[in-house]
Amino acid sequence: MLQTWLLSAVYATLDHIPPFVWDVLHVISDIILFWTHKLINYVRPHSRVVYYEAIKELDDCPSYYSWFTSASMVDEITGANLWRRNFFSRRYDFNSVLEQYSILIKALDNNDLELIKEKFSTTGPCMLRNFAGIVDKKLFTKSLMGTKLLIEQYLEKTIDGLELLDEAMVPTAFFQRCKLSLGTTALILQGGSLFGLFHLGVIKGLLLQDLMPNIISGSSMGACVAAVFGCMPNEELEELFSDDYILNIIKDDFELLKSCGYGNLEQHLNLGTLIQNLIHHGYSQDVYLFIQFVLKYIIKDITFEEAYQLTGKVFNIVIHPTDKSCPNLLNYVTTPNILIRSAINCSLGSGVISEGTKLLCKNLDNEIESFLTEEKNKTNQFLTPENAVNSNETESPYTRLTELFNVNNFIVSLARPYLAPLVVNDLKHEIKTSKYYYYKHYPETANNINLPELGIPQLNFTEMEPLAFKFKYHLERKLKNITTLEFHHRMQVLDNLGLLSSWIKRLIIDEKTPRSAIEIAIVPRMKNLSITRIIEGQLNNIPYWIKCGEQSTWPVLSLIKTRCAVEFKLDEIIRVRRNK
């Protein structure tokens, strides 16, 4: 009772704060941040200033091409470009990769189809995703540009071999067997009731680089975004993500804006009311607007089977019913006749968007009816992902995904920027500034002592301070991993004891994903977190989060390409042959 009274008092106080007070606070915070940045740069060594200025340019890049150009500069500063050229590393078996690379070169030069087919057979090394450890995540912690050049060149020769076999009219069954041996990649859009629009940018970033898997799965807000991908061809998706295309459609629909609260000016001014909506209903105003836009303009009354016939994409929606007879993974195989819009509402949870949430389907006469019986509808509830963590589900939906579509590689989009420092990929960039960079740009600091490994004069170390010591670098990573494990463990214990409130669970507790899914996780950067954007639910949040999601995929693209390049080439060959 006391807690309810205190919350009501806080909401009422926030509602009556004049707007000019918030403007003054914004100006003060901007001044503090500006002078803090100036002071940090003043006390930093020159090498760190050079490094951080180059890193800062990465955050402001408008396109992947400009980001790639800036990343090459960062790699030169840190010496990662030299590391890439040196194929030695304890993280992978470079001898095996070098041996297979030389064999492929000779086979391609001699057009030896039988030898290439042998290497691509189900027992051959080329059809192993992690052959000799080449996809170890730690091989991608040095360079923004990618991994060892030997690994990239080996994959290029592997793809050249597939193209040669394709031109030689090798039967399609051979490529299908290779695909079965290699496995399939799936993109998982995990939750995101507050930051779910971030998933749109992840899809855009992967789509523009031709690295988007054909299998996608989503829960909660991720289910809504997955439905957008599954119901639209790629050409229409690229148009949808371009500039302010979505925003322009929404602005022309006054009824949609008004139904989502954007026609009420008082709602924008009453900060307490907006915060109350976030805490008690679990989604921000802009997320609710986008859900209604998708249901009205994209999904309509399409079923999973109709969407698959339209696009050929395999998209899945995860729900958490209390009735065990109801499937928890919905797709064109398990539930072809279910309406996608009802599946989205069920994935969000009972009562989140609308009361009386239930699954709907089309019968043989193309009429809409309830999927479950009326008796089961009365007793069944659809849990939100955070409340379903401790439920006793008969089978994990991701285990079912693996069984149905041979998925063995997962990419997870985790729309929680406040967890980015803990769960980010740890694709950190080099430990210290490269001696080679300083020799090129500051030759006056060099003395006459030779540096054998580089063949250049040794530098004056008083002029070149290291970015960080190796011990500090590894200690920081270890402490972060320990903090992550401890944080998740404590939250799970509190949840099991029933001491976490529903709105804290919505922010902290995640649904369980396959263990391998943590290998590739795309998380928003902490600097993208804007409290005012979330609370106010601004209209321009849609293009803002699309851009944030796209920028967050760029550092991970090299890892995804290494893991998926051969698989996507096989998919392309099989698809083209089927179309013919």
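Refer to the structure printed above.
Residues numbered from 1 in each chain as written. Predicted model: local features only at pLDDT ≥ 70, side-chain atom pairs only at ≥ 80, totals over all residues. Heavy atoms only, no water.

A separate point is the overall build of the chain. Along the chain, the regular secondary structure elements total 28 helices and ten strands. Among the 580 residues that make up the chain, the fraction classed as buried is 49%. Taking the intrachain contacts of the chain between residues at least 6 apart in sequence as the baseline, contacts between residues at least 24 apart amount to 77%. (Helix = DSSP H or I, 4+ residues; strand = E, 2+ residues; numbered from the N terminus. Buried < 20%, exposed > 50% of the residue type's maximum accessible area, 1.4 Å probe, protein only. Contact = heavy atoms within 4.5 Å.)

In terms of burial, helix H19 (residues 340–348) is largely enclosed, as eight of its nine residues are buried. When H19 is considered as a whole, its buried residues turn out to be Ile 340, Ser 342, Ala 343, Ile 344, Asn 345, Cys 346, Ser 347 and Leu 348. Following H19 by one or two positions, Gly 349 adopts a phi angle in the positive range, close to 115 degrees.

Let us now look at unusual backbone geometry. For Met 169, which is not a glycine, the phi torsion comes out positive at approximately 60 degrees. The topology assignment puts Met 169 in the loop between helix H8 (149–167) and helix H9 (172–182). Unusually for a residue other than glycine, Asn 406 sits at a positive phi of about 55 degrees. Tracing the backbone shows Asn 406 in the loop between helix H21 (397–405) and strand S7 (407–414).

The subject of this paragraph is the pairing of strand S2 (residues 215–219). Moving residue by residue along a regular strand, the side chains alternate between the two faces of the sheet. Counting buried positions over the five residues of S2 gives five, a clear majority of the element. Where burial is concerned, the two faces of S2 agree: the one with Ile 215, Ser 217 and Ser 219 and the one with Ile 216 and Gly 218 are both buried. Relative to S2, strand S1 (residues 184–190) runs parallel, the two sharing four bridges. Looking at the pairing, Leu 187 lines up with Ile 216 of S2. Where S2 meets strand S3 (residues 314–318), five bridges bridge the pair, whose relative direction is parallel. Considered in S3, the bridge of Ser 219 is made with Val 318. (Pairing = 2+ DSSP bridges.)

Let's shift gears to the pattern of salt bridges. Counting across every chain of the model gives twelve salt bridges. One salt bridge connects Lys 547 with Glu 550, and the closest N-O pair in it is separated by 3.9 Å. Residue Lys 547 and its partner Glu 550 are located together in helix H27 (residues 541–553), separated by three residues, close to a single helical turn. On the basis of relative accessibility, which here comes to 28%, the residue Lys 547 falls in the partly exposed class. Residues joined in a network through salt bridges with shared partners are Glu 163, Lys 569 and Glu 572. (Salt bridge = Lys/Arg side-chain N within 4 Å of Asp/Glu carboxyl O.)

With that settled, the discussion passes to the packing of helix H10 (residues 198–208) against helix H11 (residues 221–231). Between H10 and H11, the shortest axis-to-axis distance is 9 Å and the interhelical angle comes to 35 degrees. Relative to H11, H10 is oriented so that their crossing is right-handed. Together, His 199, Leu 200 and Ile 203 of H10 and Gly 222, Val 225 and Phe 229 of H11 make up the contact between the two elements. Taken together, the residues that form the contact of H10 with H11 break down as four nonpolar, two polar and no charged. (Axes fitted to C-alpha atoms, helices over the stretch in contact; angles between N-to-C directions. Left-handed = near helix turned anticlockwise from the far one by under 90°. Nonpolar A, V, L, I, M, F, W, Y, C, P; charged D, E, K, R; others polar.)

Before going further, it helps to examine the nonpolar core. If you look at the biggest cluster of nonpolar residues, it comprises 134 residues, and the most contacted ones within it are Phe 290 and Ile 340. If one sorts the elements of this core by residue count, helix H17 (residues 285–299) sits on top with ten residues. (Core = buried A, V, L, I, M, F, W, Y, C linked by side-chain atoms within 4.5 Å.)

Tallying each qualifying case throughout the model produces 17 aromatic pairs. When the centroid spacing of 5.8 Å and the interplanar angle of 35 degrees are considered together, the rings of Phe 131 and Tyr 154 count as tilted. Placement of Phe 131 in the loop between helix H7 (113–119) and H8 and of Tyr 154 in helix H8 is noted, with a sequence separation of 23 residues between them. For the pair formed by Phe 131 and Tyr 154, the shared burial category is buried. With a centroid separation of 5.7 Å and 80 degrees between ring planes, the pair formed by Phe 174 and Phe 175 is classed as edge-to-face. With respect to class, Phe 174 is no different from Phe 175; both count as buried. Ring-pair connections join several aromatic residues into one group, and the members of that group are Tyr 64, Trp 67, Phe 68 and Trp 554. Here the guanidinium or amino end of Lys 117 rests over the ring plane of Phe 174, the centre of that ring lying 5.7 Å away. The side chain of Lys 313 reaches across the aromatic face of Phe 229, ending 4.0 Å from its centre. (Phe/Tyr/Trp six-rings, centres within 6.5 Å; stacked < 30°, edge-to-face > 60°. Lys NZ or Arg CZ within 6 Å of the ring centre and 35° of its normal.)

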